[in-house]
Amino acid sequence: MLEVIAKIPNEGILLIEAQAMSIIESLKQISTLDTESAGVLIGEYRGNHHIRVVGATRPGQIDRSTRFSFDRRSPHHQNSVLSAWHSSGKIQTWVGEWHTHPEDYPIPSSIDIHEWEKTLPARPMVLLIQGRKSHWLGISIRSVVTSITDYLS
Ligand SMILES: [Zn+2]
């Protein structure tokens, strides 16, 4: 698995480290029976515009998942963010969201966009949808979602 590097608005750089991508890519919806997976992205803001993602939470047992939906109910997502926050000396925090789609080249659904606009904080938040052959990357800044492109894909 490779890290992901992308350019974000205002000359920023997004780095998603390989260990975070390997968790997400291991949950691709390859089989027709695979249901959606989702979690949060944990990382840090560096300077004004750079974001480094170091981890991703996996789905938990009480999360509810179907082929086309995911309801993140498990408290372990929030708990993982809190424990990263404390163990990193208040540097690592909640920097984004990821989920899977059962399509080769995923794009956000109108429900995805609506949910992000409604629930995400104003600061830059990384959005990743993992499809079967590639992923879609975006960033939300003050509730405006913009798609961004990898350097290396
Ligand atoms: Zn979606």
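Some remarks on the coordination of the zinc ion
No. 1: Those protein atoms acting as donors to the zinc ion are H99 (NE2), H101 (NE2), D112 (OD) and D112 (OD), and they sit at 2.0 to 2.5 Å.
No. 2: In this structure, the zinc ion is coordinated by 4 donor atoms arranged in irregular fashion, with angles at the metal of 56 to 160°.
No. 3: Each donor residue of the zinc ion lies on one chain, and together they are spaced H-x1-H-x10-D. Grouping residues by exposure puts H99 and H101 together as buried.

Overview of the pairing of strand 4 (residues 50–56)
No. 1: In terms of burial, strand 4 is a largely internal element, 6 of the 7 residues being buried.
No. 2: Pairing geometry for strand 2 (residues 12–16) and strand 4, over 3 bridges, is parallel. Looking across to strand 4, one finds that L14 is bridged to I51.
No. 3: As paired elements, strand 3 (residues 38–46) and strand 4 share 6 bridges and run antiparallel to each other.

Considering the nonpolar core
No. 1: Among the nonpolar cores identified, the biggest contains 20 residues, and L14, I16, L41, I51, V53 and L137 are the most heavily contacted of them.
No. 2: It is helix 1 (residues 18–25) that provides the largest number of residues to this core, a total of 4 residues.
No. 3: Dropping the residues within four chain positions of it, L14 is found in contact with V4, I5, A6, I8, I51, V53, V126, L137 and I148.

Digging into the packing of aromatic side chains
No. 1: The full count for this structure, using the stated rule, is 1 aromatic pair.
No. 2: Taken together, a centroid distance of 5.7 Å and an interplanar angle of 5° make the contact between W116 and W136 stacked. In this pair, W116 sits in helix 3 (residues 110–119) while W136 sits in strand 9 (residues 135–141), placing the two residues 20 residues apart along the sequence.
No. 3: Looking at W136, the relative accessible area reads 11%, which means it is buried.

Side note on the pattern of salt bridges
Working definition: two side chains of opposite charge can pair if their charged atoms are close together.
No. 1: On inspection of all chains with the given rule, the structure shows 7 salt bridges.
No. 2: In this structure, R132 and D104 form a salt bridge, with 2.9 Å as the shortest nitrogen-oxygen distance. With a gap of 28 residues between them, R132 in the loop between strand 8 (125–130) and strand 9 and D104 in the loop between strand 7 (93–100) and helix 3 connect regions that are remote in the sequence.
No. 3: Judged by relative accessible area, which is 26%, R132 ranks as partly exposed.
No. 4: Among the residues examined, D104 registers a relative accessible area of 25% and is labelled partly exposed.
No. 5: Measuring nitrogen to oxygen at the nearest pair gives 3.3 Å for the salt bridge that ties K118 to E115. With K118 and E115 both in helix 3 and 3 residues apart, the pair spans about one turn of that helix.
No. 6: Judged by its relative accessible area of 55%, K118 is exposed.

Basis of the calculations
- Residues numbered from 1 in each chain as written.
- Predicted model: local features only at pLDDT ≥ 70, side-chain atom pairs only at ≥ 80, totals over all residues.
- Heavy atoms only, no water.
- Donors = N, O, S within 2.8 Å, 3.2 Å for Na, K, Ca; no water.
- Tetrahedral: all angles 85-135°; square planar, octahedral: opposite > 155°, others 65-115°.
- Buried < 20%, exposed > 50% of the residue type's maximum accessible area, 1.4 Å probe, protein only.
- Helix = DSSP H or I, 4+ residues; strand = E, 2+ residues; numbered from the N terminus.
- Pairing = 2+ DSSP bridges.
- Core = buried A, V, L, I, M, F, W, Y, C linked by side-chain atoms within 4.5 Å.
- Contact = heavy atoms within 4.5 Å.
- Phe/Tyr/Trp six-rings, centres within 6.5 Å; stacked < 30°, edge-to-face > 60°.
- Salt bridge = Lys/Arg side-chain N within 4 Å of Asp/Glu carboxyl O.

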